[in-house]
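Commentary on secondary and tertiary structure
What follows is the residue order along each chain.
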Amino acid sequence: MGTSYEFECPACGYTAAVSGDDDAGMICNTTTIVCRTCRKLYDATIILRSFDSPEHQEIPIRCPKSKKHAVERWKHPGPCPKCGAQMNRGEACCDWD
Ligand SMILES: [Zn+2]
Ligand SMILES: [Zn+2]
C-alpha cells in the first residue's frame, strides 16, 4: 500500500499531496516527479503489474498535463517547484493501493 503526504513550502505556501519518494501499491509502483513546466509536484505511475501475468509494464515518467513538459524525479527533502525553498512533509493524508 502506498501513502501520500501533505507537503508544504514554508516560503510560498505551495502544497502538494504526493508520496515524496518511490512507492508501491498492489498493481503499480509510483514515484514523485516535478514538472518544470507546470512547476508542480505529481505522483507518476512507473510500473504497472497485472494479476494474471508475471510481466510488468514500465512506464516512462511524464507530466499528467502534457507529455511535452520537462519532468524529473523528486524526492523528499526536495526543493519547492515554485520557489526553490525546501518543502516540509506534513501528515499522511491518504492511503491508496
Ligand atoms: Zn515555494
Ligand atoms: Zn507539466
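What comes next is a walk through the structure.

Turning our attention to a nonpolar patch on the surface. Judged by side-chain polarity, Met 26, Ile 27, Leu 48 and Phe 51 come together as a nonpolar surface patch covering roughly 410 Å² of accessible area. Structurally, Ile 27 can be placed in the loop between strand 3 (23–24) and strand 4 (28–35).

Turning our attention to unusual backbone geometry. Omega for the peptide link from His 76 to Pro 77 comes to -5 degrees, which places this bond in the cis form. The backbone of Arg 39 sits at a positive phi, close to 60 degrees, despite the residue not being glycine. The topology assignment puts Arg 39 in the loop between strand 4 and strand 5 (40–50).

Now for the nonpolar core. One recurring pattern in soluble globular proteins is that nonpolar side chains are buried together. Grouped together as the largest cluster of nonpolar side chains are 10 residues: Phe 7, Cys 9, Tyr 14, Ala 16, Val 18, Val 34, Leu 41, Trp 74, Cys 80 and Met 87. If we ignore the near neighbours within four places in the chain, the residues touching Val 18 are Ser 4, Tyr 5, Phe 7, Thr 32, Leu 41, Tyr 42 and Asp 43. With five residues, the next largest nonpolar core counts Ile 33, Cys 35, Tyr 42 and Ala 44 among its residues.

Further remarks concern the side chain of Asn 29. Checked against the element boundaries, Asn 29 lands in strand 4. For Asn 29, a relative accessible area of 18% puts it in the buried group. Among the polar contacts made by the side chain of Asn 29, one reaches the side chain of Arg 49 at a distance of 3.0 Å. In contact with Asn 29, not counting residues within four places along its chain, are Asp 23, Ala 24, Ala 44, Thr 45, Ile 46, Ile 47 and Arg 49.

Now for the coordination of the zinc ion (ligand 2). Within the first shell, the zinc ion (ligand 2) binds the protein through Cys 35 (SG), Cys 38 (SG), Cys 63 (SG) and His 69 (ND1), at distances of 2.0 to 2.3 Å. Coordination at the zinc ion (ligand 2) comes from four donor atoms whose angles at the metal span 104 to 114 degrees, giving a geometry best classed as tetrahedral. Counting residues between consecutive donors of the zinc ion (ligand 2) along the chain gives the motif C-x2-C-x24-C-x5-H.

Before going further, it helps to spend a moment on the pairing of strand 4. Each regular strand displays side chains that alternate between the two surfaces of the sheet. Extensive coverage of strand 4 is indicated by the burial of eight of its eight residues. Alternating residues of strand 4 divide into Cys 28, Thr 30, Thr 32 and Val 34 and Asn 29, Thr 31, Ile 33 and Cys 35, and every residue in both groups is buried. Here strand 3 pairs with strand 4 via two bridges, running antiparallel. Counted as the bridge partner of Ala 24 is Asn 29 from strand 4. In textbook terms, the turn of a hairpin is the stretch between consecutive antiparallel strands, and for strand 3 and strand 4 this stretch comprises three residues. Alignment of strand 4 against strand 5, held across eight bridges, turns out to be antiparallel. Following the sheet pairing, Ile 33 is matched in strand 5 by Tyr 42. Between strand 4 and the antiparallel strand that follows it, strand 5, lie four residues; Arg 39 among them carries a positive phi value of about 60 degrees. Bridge count between strand 4 and strand 7 (residues 71–73): three bridges; the pairing is antiparallel.

So, how was this worked out
- Residues numbered from 1 in each chain as written.
- Chains lettered and ligands numbered in written order.
- Predicted model: local features only at pLDDT ≥ 70, side-chain atom pairs only at ≥ 80, totals over all residues.
- Heavy atoms only, no water.
- Patch = residues over 30% accessible without salt bridge, like charges linked within 9 Å, V, L, I, M, F, W, Y side chains within 5 Å.
- Areas by Shrake-Rupley, 256 points an atom, 1.4 Å probe, with all protein chains shown as cover.
- Salt bridge = Lys/Arg side-chain N within 4 Å of Asp/Glu carboxyl O.
- Helix = DSSP H or I, 4+ residues; strand = E, 2+ residues; numbered from the N terminus.
- Core = buried A, V, L, I, M, F, W, Y, C linked by side-chain atoms within 4.5 Å.
- Buried < 20%, exposed > 50% of the residue type's maximum accessible area, 1.4 Å probe, protein only.
- Contact = heavy atoms within 4.5 Å.
- Polar contact = N/O pair within 3.5 Å; in protein donor to acceptor, adjacent residues only side chain to side chain.
- Donors = N, O, S within 2.8 Å, 3.2 Å for Na, K, Ca; no water.
- Tetrahedral: all angles 85-135°; square planar, octahedral: opposite > 155°, others 65-115°.
- Pairing = 2+ DSSP bridges.

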